[in-house]
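Each chain, written out:
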Amino acid sequence: MGFNCGIVGLPNVGKSTLFNALTATAQAEAANYPFCTIEPNVGRVGVPDVRLSTIAQIASSQKIIPTTLEFVDIAGLVKGASKGEGLGNQFLGHIRSVDAIVHVLRCFEDENITHVEHSIDPLRDKDIIDTELMLADLESVSKRAQMLSKKSHVIDKAQQAEKEVCDKVLKVLEEGRPARSLALTGEEKEAIQGLHLITIKPVVYVCNVQESDAKAGNALTESVKKMAATEHAPVVIISASIEAEISVLESTEEKAMFLEELGLTQSGLEKVIAAGYGLLNLLTFFTVGPKEARAWTTHVGATAPQAAGCIHTDFERGFICAETIAYRDYVQYNGEAGTKEAGKMRQEGRTYKVVDGDIFHFRFNV
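Residues numbered from 1 in each chain as written. Predicted model: local features only at pLDDT ≥ 70, side-chain atom pairs only at ≥ 80, totals over all residues. Heavy atoms only, no water.

### Things to note about the overall build of the chain
- Helix and strand content of the chain: 14 helices and twelve strands.
- Within the span of the chain, comprising 366 residues, buried residues form 49% of the whole.
- Of all intrachain contacts in the chain linking residues separated by at least 6 positions in sequence, the fraction that spans at least 24 positions is 68%.
- Put simply, the chain shows about 18000 Å² of open surface, and 51% of that area lies on carbon and sulfur atoms. (Helix = DSSP H or I, 4+ residues; strand = E, 2+ residues; numbered from the N terminus. Buried < 20%, exposed > 50% of the residue type's maximum accessible area, 1.4 Å probe, protein only. Contact = heavy atoms within 4.5 Å. Areas by Shrake-Rupley, 256 points an atom, 1.4 Å probe, with all protein chains shown as cover.)

This is the structure:
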């Protein structure tokens, strides 16, 4: 099961530098001119989780495999993107395919790095991107609503429900608000799923600052925080240049020392990954043994068979039960044998809802 976040923003705000640091590669060319990234670059990163190394140590696992999140570096949008300006149609198409949006905002001054709007104003930059994305959605929803209206005398129940949701979405988009500002039900979201709306996707705002502002932020990041609070959206402050330096350090100890020297306890990238993970409403479960300790990803609310299907479709198809241990019990009783003796291992059936940190051994028969 794959989950991905699209990194968006105006040209030269630090998207490709952030992507390179996230994936610790040079896949995306970071250059001081617009459209240096024409095709989206995709990188898969491990989600930091101290619980995984803890259970691996207890089980003496030979390998540790974290769960992953995918990041897509999408080229910089400009005014008019919704009308095809600056390869806009191509870029908007790439955004439609991601699950969530990481919106990078430039919150630093640097005369050596040009800005397409010739001044630094993250809220203005955010509005430019939002406007283009809303215009793109407005066009999609308008076309669909018109088509459904033309054949209103013959549409079925599902199409009628879709038309009602389209009308709701049209209203908020025309008011200049994103589709995610609507409190849509699960059924309503499903009704318009085929439209692949961009502004319905959850968003995290990433403020890119100078090294000196990485710890406390600055006046620009404060303005972003106030804006994001009105949208109930998370904000992460990072210095892309610091993250780029960290990404080339080989050992965990070196990275920790580097962060300590800067007065930081956690890298910005860890915060971005955690925010993306939370944004998608995901949780982690584990499988562990002498060969490997592994983290897996599923949605909040997933059942035990659905979690089993994340490992292999046969596990879900032939699901019998899930031998389940809570993470805290696994640690407290020092592994599987101890939890069994303490009566803390339990068998869960098809209706069991996965809890974050569950350790599973699936029984199945195909």
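Moving on, there is more to tell.
### Quick notes on helix H2 (residues 50–59)
- Those residues of H2 lying buried are Arg-51, Leu-52, Ile-55, Ala-56 and Ala-59. Buried residues along H2 cover an arc of 135 degrees about the axis, so they all sit on one side. Exposed positions of H2 whose direction lies more than 90 degrees from the buried face are Val-50 and Gln-57.
- At its buried positions, H2 is contacted by strand E3 (63–65), strand E8 (282–288), strand E9 (292–299), helix H13 (327–332) and strand E12 (359–364).
- Just past H2, the residue Ser-60 takes up positive phi, approximately 55 degrees. (Arc of directions from axis to C-beta.)

### Quick word on the sheet that holds strand E4 (residues 68–73)
- Across the sheet, which stays open at both edges, the six strands sit in the order E2-E4-E1-E5-E6-E7 with mixed pairing between neighbours. The sheet is open, and its two borders are formed by strand E2 (41–46) and strand E7 (235–238), each paired with just one other strand. Neighbour-to-neighbour, the strand axes of the sheet open up by a mean angle of 25 degrees, direction not taken into account.
- Here strand E6 (residues 203–208) pairs with E7 via four bridges, running parallel. Directly across from Tyr-205, in E7, lies its bridge partner Val-235.
- Of the strands in this sheet, strand E5 (100–106) and E6 are in contact with helix H4 (residues 122–150), which crosses E5 at around 145 degrees.
- Strand contacts of helix H10 (residues 268–279): strand E1 (4–8), E2, E4, E5, E6 and E7, with the helix running at about 165 degrees to E7, the strand carrying the most contacts. (Pairing = 2+ DSSP bridges. Axes fitted to C-alpha atoms, helices over the stretch in contact; angles between N-to-C directions.)

### What about the nonpolar core?
- Membership of the largest hydrophobic core comes to 51 residues, with the highest contact counts inside it found for Leu-69 and Phe-71.
- Examining the composition of this core, we find that six residues originate from one element, H10, more than from any other.
- Dropping the residues within four chain positions of it, Phe-71 is found in contact with Cys-5, Ile-7, Phe-19, Leu-22, Asn-41, Val-42, Gly-43, Val-45, Val-102, Val-272 and Ile-273. (Core = buried A, V, L, I, M, F, W, Y, C linked by side-chain atoms within 4.5 Å.)

### Some points on the environment of Asp-329
- For Asp-329, the position within the fold is in helix H13.
- Residues Asp-329 and Ile-359, 30 residues apart in the sequence, show an inter-C-alpha distance of 9.9 Å.
- Those residues in contact with Asp-329 that lie beyond four places of it in its chain are Thr-339 and Lys-344.

### Here's the deal with the side chain of Asn-4
- Examined against the element boundaries, Asn-4 turns out to sit in strand E1.
- Those residues within four positions of Asn-4 in sequence are excluded, and the remaining contacts are Glu-70, Val-72, Ser-97, Val-98, Asp-99, Ala-100 and Leu-280.

### Considering the packing of helix H1 (residues 15–23) against helix H8 (residues 240–247)
- Direction vectors running N to C along H1 and H8 enclose 25 degrees, while the axes themselves pass 8 Å from each other. The angle between H1 and H8 falls in the class roughly parallel. Judged by the twist between their axes, the crossing of H1 over H8 is left-handed. For the pair formed by H1 and H8, the contact residues are Thr-17, Leu-18 and Ala-21 on the first element and Ala-240, Glu-243, Ala-244 and Ser-247 on the second.
- Here the residues of the contact of H1 with H8 sort into four nonpolar, two polar and one charged. (Parallel < 35°, antiparallel > 145°, perpendicular 65-115°, else oblique. Left-handed = near helix turned anticlockwise from the far one by under 90°. Nonpolar A, V, L, I, M, F, W, Y, C, P; charged D, E, K, R; others polar.)

### Here we look at the pairing of E6
- Of all six residues in E6, six are buried, a share of seventy percent or more.
- The alternating pattern of E6 places Val-203, Tyr-205 and Cys-207 on one face and Val-204, Val-206 and Asn-208 on the opposite face, and all of these are buried.
- One ladder, built from six bridges, connects E5 with E6; its direction is parallel. The residue of E6 that forms the bridge with Leu-105 is Cys-207.
- With respect to chirality, the unit in which E6 leads through helix H7 (residues 219–231) into the neighbouring parallel E7 is right-handed. (Right-handed = clockwise from strand over helix to strand, strands pointing away.)

### Brief notes about unusual backbone geometry
- Phi at Ser-60 is positive, roughly 55 degrees, even though this residue is not glycine.
- Structurally, Ser-60 can be placed in the loop between H2 and E3.

### Things to note about the pattern of salt bridges
- What the rule picks out here adds up to 19 salt bridges.
- Ionic pairing is found between Asp-356 and Arg-51, a salt bridge with its closest N-O pair at 3.0 Å. Placement of the pair is Asp-356 in the loop between strand E11 (346–348) and E12 and Arg-51 in helix H2, with a sequence separation of 305 residues.
- Shared partners join several salt bridges into a network, and the residues in it are Asp-49, Arg-51 and Asp-356. (Salt bridge = Lys/Arg side-chain N within 4 Å of Asp/Glu carboxyl O.)

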